[in-house]
Amino acid sequence: LDPISDEEFFESCPKSRDFKRLLFGLCFIHAFVQERKKFGPIGWNIPYSFNDSDLRISVRQLHMYVGKSGDELPFAALKYTIGECNYGGRVTDDKDRRLLSTLLDLIYDEKITGEEFNLSSSGVYRIPKNNTLQAYVEYVDALPTIPRPEVFGLHDNADITKDLNDTNQMIATLITTMGEAGGGGDSGGQEQVVRAMCSDILERLPPNFDIEKVQKAFPVLYEQSLNQVLTQEMLRYNRLTTIVRNSLVNVIKAIDGTIVMSSDLEKVYNSLSIGKVPPMWMSKSYPSMKPAAAYVEDFFGRLNMLQSWYEAGAPPSAFWLPGFFFTPSFCTAVLQNYARKNKLAIDTIAFDFEMLDMDPEIYKNGESPTNGVYVYGMYLEGCGWDIASRTLSESRPRVLFEPSPVIWFKPVQTKDLKERPCYACPVYRTADRRGVLATTGHSTNFLMFLNMPTDKPEHHWTMRGVCMLLSLSY
């Protein structure tokens, strides 16, 4: 690759040794950002189109900055041009930008100029001591053809995640091709299966929430913002319930031949026949990547959560966080309650997080905390959880997701937040992680950063791609 392959350019920098080692590190960074995409969302939230032009301009800038530097190498300038301008200019997600910045901090460190510098934790990938172009080429040729996930900072389980993603993509392509080719065989039998599925869902589907009754039981109160959250959530779920009910009733009628099968109803029918959630439902739904059967069970669980809240006449002592249609409104209401109770401005308070036991039943059957809320139902991806020390731990072999503990969302004034070893863990609504970039600068799939206690450096979990999910894909 020009100009790296040009030996004259390779030897032309006044600080030859430092330049060559930094150049090798830059080539590793380029390979890292390119190849990490194959692991899906745990690699990059968004698959960016990094290309050789990013490397070429970075190499020329590296040559210029190192050649003109004084006694100290310009690490800050190199990190900025590479991480914020050249490669970083393509990165739109702030969590991906954090990953890129962490990678540069680890590679472009003062230790890189020493005799030994490992590029991976195992030491398989390192900068060769012999700084000739031929030695570099021979070293790269001897590296493993298929790299292990550890070179990308990931756990070995990431290989399973990659294979699952590839398999799911292949199956989705085959299903799409099958749908376009047209059905054959026993179409009558398929119609009866879909009809039975529709009838079963309709039998279990509860009536819409009576908003007037709910507003009387949970009126708008200055000191209890969660009342308004309950009403708004029920309104959102009513819209979705209406769409689901009407579409299923009409699909049954169309199968029976009493009405015409419109294009929208045909999409519902085709989706249900292959176990997918119909696009008509998703247009009014909360984000979800579940197949139809799991989606329906999850949907009923959400409706049951709100119905139990209404029947109890008071907010529950522990909240199933994934059950909310619009989770940010719930989190804001909790902060608002604390702010009004203590006569504080809401922008001067934030959540502190305390990790509790694994069993939510302990808190569901107990009393609510004086301030804040207990929440449960989330999952950790990319790591495990040490129950004894209540800290993040390495993933268990072949375990991709771990249930998170019950967490106390504790509102405190920002000036009272205590510094402690933690990892700012991003919380996403689905395993896809990416969403539409909102006016807040965050993805619509992103909920918040949640500080998780750890005994390892924060960069370890950043490279692992660790996050917390409200909903799995199955």
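The model shown is predicted, which means the values in this text are computed figures rather than measured ones.

Caption draft 1: Representation of the state of the cysteines. On inspection of all chains with the given rule, the structure shows 0 disulfides. C467 carries a free sulfur, and the closest cysteine sulfur to it, the one in C425, is 6.2 Å from it.

Caption draft 2: View of the packing of helix α2 (residues 16–35) against helix α3 (residues 52–67). Contact geometry for α2 and α3: axes closest at 10 Å, N-to-C directions at 160 degrees. With respect to each other, α2 and α3 are oriented roughly antiparallel. When you trace α2 past α3, the crossing you get is right-handed. From α2, F19, L22, L23, L26 and H30 reach across to α3, where they touch D52, L55, S58, V59, L62, H63 and V66. The residue makeup of the contact of α2 with α3, split by class, is 8 nonpolar, 3 polar and 1 charged.

Caption draft 3: Representation of the sheet that holds strand β3 (residues 373–376) in the model. As summarised here, the arrangement of the 4 strands in space is β1-β3-β8-β2, forming an open sheet in which the pairing is mixed. Since the sheet does not close on itself, it has two edges, and those belong to β1 (318–320) and β2 (349–355), each with one partner. In this sheet, neighbouring strand axes are inclined to one another by 35 degrees on average, regardless of whether the strands run parallel or antiparallel. Both β2 and strand β8 (residues 407–413) contribute to a ladder of 7 bridges, which runs antiparallel. Bridged to A350 within β8 is V412.

Caption draft 4: Summary view of the nonpolar core. Counting 70 residues, the largest nonpolar core has F330 and F409 as the members making the most contacts within it. Among the elements that line this core, the one with the most residues is helix α10 (residues 226–256), at 11 residues. Dropping the residues within four chain positions of it, F330 is found in contact with L226, V229, F319, L321, F324, V373 and V375.

Caption draft 5: Highlighting the sheet that holds strand β10 (residues 446–453). Pairing is mixed across the open sheet formed by 5 strands, whose spatial order is β7-β4-β11-β9-β10. The open sheet terminates on both sides in strands that have one partner only, identified here as β7 (401–403) and β10. When the angles between neighbouring strand axes are averaged without regard to direction, this sheet yields 35 degrees. With 2 bridges joining them, strand β9 (residues 422–428) and strand β11 (residues 467–469) adopt parallel strand pairing. Each residue of the ladder has a partner; that of V427, found in β11, is M468.

Procedures and definitions
Residues numbered from 1 in each chain as written. Predicted model: local features only at pLDDT ≥ 70, side-chain atom pairs only at ≥ 80, totals over all residues. Heavy atoms only, no water. Disulfide = S-S within 2.5 Å. Axes fitted to C-alpha atoms, helices over the stretch in contact; angles between N-to-C directions. Helix = DSSP H or I, 4+ residues; strand = E, 2+ residues; numbered from the N terminus. Parallel < 35°, antiparallel > 145°, perpendicular 65-115°, else oblique. Left-handed = near helix turned anticlockwise from the far one by under 90°. Contact = heavy atoms within 4.5 Å. Nonpolar A, V, L, I, M, F, W, Y, C, P; charged D, E, K, R; others polar. Pairing = 2+ DSSP bridges. Core = buried A, V, L, I, M, F, W, Y, C linked by side-chain atoms within 4.5 Å. Buried < 20%, exposed > 50% of the residue type's maximum accessible area, 1.4 Å probe, protein only.

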